Amino acid sequence: MIKLKLYNTLARRKEEFKPLKPGEIGLYTCGPTVYDYAHIGNLRTYIFEDILKRVLLYNGFRVKHVMNITDVGHLTGDRDMGEDKIEKGAAREGKTAWGIAEYYTQAFKEDIARLNILQPDIWVKATDTISDQIALVKALEEKGYTYHTADGIYFDTSKFKNYTKLSHQNIEALQEGARVEKNPEKRNPTDFALWKFSPQGTHRQMEWDSPWGIGFPGWHIECSAMSMKFLGDQLDIHCGGIDHIDVHHTNEIAQSEAATGKRFFNFWMHGAFLIISGGKKMAKSEENFLTLENAFIKQGLNPLVYRFAAFQTHYRKPMEYSDESVEAARNGLLHLQNQVRQVAKAKAESDNTAHAEFKDKFLQAVNDDLNMPRAMAVVQEMLKSAIDDSQKYASILDFNRVLGLNLDQLDKEQALPEAVQKLADARKNAREAKDFAASDRLRDEIEALGYMVQDTKEGMKVIKK
RNA sequence: GGCGGCAUAGCCAAGUGGUAAGGCAGCGGUCUGCAAAACCGCAAUUCGUCGGUUCGACUCCGACUGCCGCCUCCA
């Protein structure tokens, strides 16, 4: 039995993963704030989480996966500073806040489907759990962890011991207001809002009544409320982007453990950023904002090229993104698909199971903190080994449960469009008549339509690029 | 200022004490009417710099340099 080891940010090292309840796992992944399209940097994190989930399943665990949709905006600063991104998005696009959230929620779901990311078992919208969030704040208030300011209810982080157990930061040295105006009413620089009052004189599209007045929830409270509501005490793994360690997840832990007196999640896992060549992270506020739609779909590129590209870098390392890396992934995926087509011919001969030795190596790679670069090396080693094609095919189908590259669907070649089929037939005739000038011209025409001609021993094949 | 991360061939990138995986690009070959696809083979005496520990270091320790992230919202 090969142990599953995952890097736990709490311990800052790889630890053997063991579920709280035998056989079943509670997995919570921080979802998007739906005020704009997800960019491919965001999507890298969801690919990492998908691999995590698939590896858990591959190891035979049952997984209960919850993902939140943050559909309520939060001010970007304390007090009344900053802007609410959802309300801002609404103003920008002439829609309601609710309309913006709905639109970008659908866009997000479409993106992850294109990347072959498994859907969570439960989607939760922040706005559907406001009462749970209020109840949680009340519990904290009763235990004396909160205080009022002019703009909201705050969590007093000095009352929670081990506040920095996830971030490992030195609180005294933090510089509040290094980049933003200070809130003089806060008792400690790290204190954060649990509930915010709607600013005086302004009307928000999204606001709710509460025991403290009309307003809206603080940013961190939703994830605590939702994860506990749907996972109960089965809080195994919580993941998100690396940027969430210091603030968002640290605050989630503080408020959750303060409220319940129990340990919140056992494992915290964080994915590193995508950086564009030149070294900058991709951000919605920067010009380098690329979406799956404009970087792949509109370029006629299979979105799985991006999924494949993500496998080249370990999830805890920054991933370089450039035209070259996309080209390399495009060629790499095409090559892999062709390799699989070669061995898929042997499929009918038997229905083998995965080759034990290579399955072992593959499992060892993915179970070592999701080492996909190594897993992909095993895939190549296996395909180039001396084992039977039928066993290679059986193995690749097995590995594809983790890879999610649709390698099981390659033999179901889709029917060609009529125009392409006609050209293909004409080329076949031309070749039989040894009219190679015509045959070459027809090949170019087929290629121009986005198809690839392969002359194999079994005859001519036409495949969509 | 504090905390954290990263530096491996042309590019991307594993490895983290025992003598450098894999991918892309490139080169040579097989196949092919020619290509493409596929397959076979070749490619870093070397892992940012300088020291140290060790029989042995890309891997451990120290210093330095460069790049990046977080401390506002952020994957």
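Nothing here was measured: the structure is a model prediction, and the numbers come from that model.

Conventions and cut-offs
- Residue positions are given per chain, counted from 1 along the sequence in the order it is written.
- Throughout, the order in which chains and ligands are written sets their labels, letters from A for the former and numbers from 1 for the latter.
- In keeping with the model being predicted, local features are shown solely for residues with a pLDDT of at least 70 and side-chain atom pairs are shown and tallied solely at 80 or more, while totals for entire chains, interfaces and linings include all residues.
- Note on conventions: DSSP H or I runs of at least 4 residues are helices, E runs of at least 2 residues are strands, and numbering of each starts at the N terminus.
- The exposure label follows from counting other C-beta atoms within 10 Å of a residue's C-beta, where the C-beta atoms are placed from the backbone and the thresholds are 20 or more for buried and 12 or fewer for exposed, leaving partly exposed in between.
- The angle between two axes is taken between their N-to-C directions and runs from 0 to 180 degrees, where each axis is a line fitted to C-alpha atoms and a helix contributes only its stretch in contact.
- Should an angle fall under 35 degrees it is called roughly parallel, over 145 degrees roughly antiparallel, and 65 to 115 degrees roughly perpendicular, with every other angle called oblique.
- Each crossing is labelled by how the near helix is turned from the far one, with a counterclockwise turn of less than a right angle marking it left-handed and a clockwise turn marking it right-handed.
- Note on contacts: residues are paired as contacts if their backbone-placed C-beta atoms lie within 7 Å.
- The residue classification treats Ala, Val, Leu, Ile, Met, Phe, Trp, Tyr, Cys and Pro as nonpolar and Asp, Glu, Lys and Arg as charged. All others, Gly included, are polar.
- Paired strands, as defined in this entry, are two strands with at least two bridges between them according to DSSP.
- Segmentation into domains, and thus their bounds, comes from an automatic or database assignment.
- An expected span of 1.5 Å times one less than the residue number is assigned to each helix.
- Working note: the arc is built from the helix axis to C-beta atom directions.

**Q** Where do I start with the overall build of chain A in this structure?
**A** For chain A, the count of helices and strands is 14 helices and 16 strands. Expressed as lengths along the three principal axes of its C-alpha atoms, the size of chain A is roughly 85 × 55 × 35 Å. When the 465 residues of chain A are sorted by exposure, 41% land in the buried category.

**Q** Sorry, what's going on with the packing of helix 4 (residues 130–142) against helix 6 (residues 245–260) here?
**A** The axes of two packed helices give the description: the angle between them and the distance between them. Look at helix 4 against helix 6: their axes get within 9 Å of each other, and the N-to-C directions meet at 65°. Considering the angle they form, helix 4 stands roughly perpendicular to helix 6. Relative to helix 6, the crossing made by helix 4 is left-handed. Each of Leu136, Ala139 and Leu140 in helix 4 lies in contact with helix 6, whose residues at this interface are Gln255, Ala258 and Ala259.

**Q** Help me out: how do you make sense of the packing of helix 4 against helix 5 (residues 221–231) in this one?
**A** Relative to each other, helix 4 and helix 5 sit at 105°, their axes nearing to 9 Å. The angle between the axes of helix 4 and helix 5 places the two elements in the roughly perpendicular class. Judged by residue contacts, Asp132, Gln133, Leu136 and Val137 of helix 4 engage Ile221, Glu222, Ser224, Ala225 and Lys229 from helix 5. Residues belonging to the contact of helix 4 with helix 5 are distributed by class as follows: 4 nonpolar, 2 polar and 3 charged.

**Q** Looking at this structure, I do not really get unusual backbone geometry. What am I missing?
**A** Note: most peptide bonds trans; most residues except glycine with negative phi. Phi angles above zero are rare outside glycine, and Asn162 is one such case at about 65°. By the element assignment, Asn162 lies in the loop between strand 7 (152–155) and strand 8 (192–197). Backbone geometry at Lys434 places phi at a positive 60°, although glycine is not the residue there. Mapped onto the elements, Lys434 comes out in the loop between helix 13 (418–432) and helix 14 (436–448). On the basis of neighbour count, Lys434 is assigned to the exposed category, with 8 C-beta atoms found within 10 Å.

**Q** Just to check I follow, could you spell out the pairing of strand 16 (residues 459–464) for this structure?
**A** Both faces of the sheet carry side chains from a regular strand, because those side chains alternate between them. Note: strand 15 (residues 451–456) against strand 16, 6 bridges, orientation antiparallel. Looking at the pairing, Val453 lines up with Val462 of strand 16.

**Q** It is not clear to me how the pairing of strand 1 (residues 5–8) should be interpreted in this structure. Could you clarify?
**A** Only one face of strand 1 is buried, namely the one carrying Leu6 and Asn8, since none of Lys5 and Tyr7 on the opposite face is buried. Here strand 1 pairs with strand 2 (residues 13–16) via 4 bridges, running antiparallel. Directly across from Tyr7, in strand 2, lies its bridge partner Lys14. Joining the antiparallel neighbours strand 1 and strand 2 is a turn of 4 residues, in which Arg12 adopts a positive phi near 60°.

**Q** Is there a simple way to explain the sheet that holds strand 11 (residues 267–271) in this structure?
**A** Note: strands within a sheet are paired through backbone hydrogen bonds, in either parallel or antiparallel orientation. Pairing is parallel in the open sheet, where 5 strands are placed in the order 5-4-3-10-11. Looking at which strands have only one partner, the edges of the open sheet turn out to be strand 5 (122–125) and strand 11. Sheet twist, expressed as the average angle between the axes of neighbouring strands with direction ignored, equals 20°.

**Q** Would you explain the domain arrangement of chain A in this entry?
**A** How big an interface is tends to be stated in terms of the accessible area lost upon association of its parts. As assigned here, chain A comprises domain 1 (19–271), domain 2 (299–409) and domain 3 (418–464). Computed over C-alpha atoms only, the centres of domain 1 and domain 3 are separated by 55 Å.

**Q** Sorry, what's going on with the environment of Phe289 here?
**A** Topologically, Phe289 is positioned in the loop between strand 13 (280–281) and helix 7 (292–295). Exposure remark for Phe289: the 16 C-beta atoms within 10 Å place this residue in the partly exposed category.

**Q** Explanation requested: the environment of Glu445 in the structure shown.
**A** Along the polypeptide, Glu445 turns up in helix 14. Between the C-alpha atoms of Glu445 and Ala424, which are 21 residues apart in sequence, the distance is 9.6 Å.

**Q** Mind showing me how you'd approach helix 4 here?
**A** Quick reminder: α-helices carry 3.6 residues per turn. Residues three or four places apart thus point the same way. In this model helix 4 runs 18 Å from its N-terminal to its C-terminal C-alpha over 13 residues, within 8% of the 18 Å that 1.5 Å per residue would give. Of the positions making up helix 4, those classed as buried are Ile130, Gln133, Ile134, Leu136, Val137 and Leu140. One side of helix 4 holds all its buried residues, which, seen down the axis, span an arc of 160°. Along helix 4, exposed side chains directed more than 90 degrees from the buried face belong to Ser131 and Glu142.

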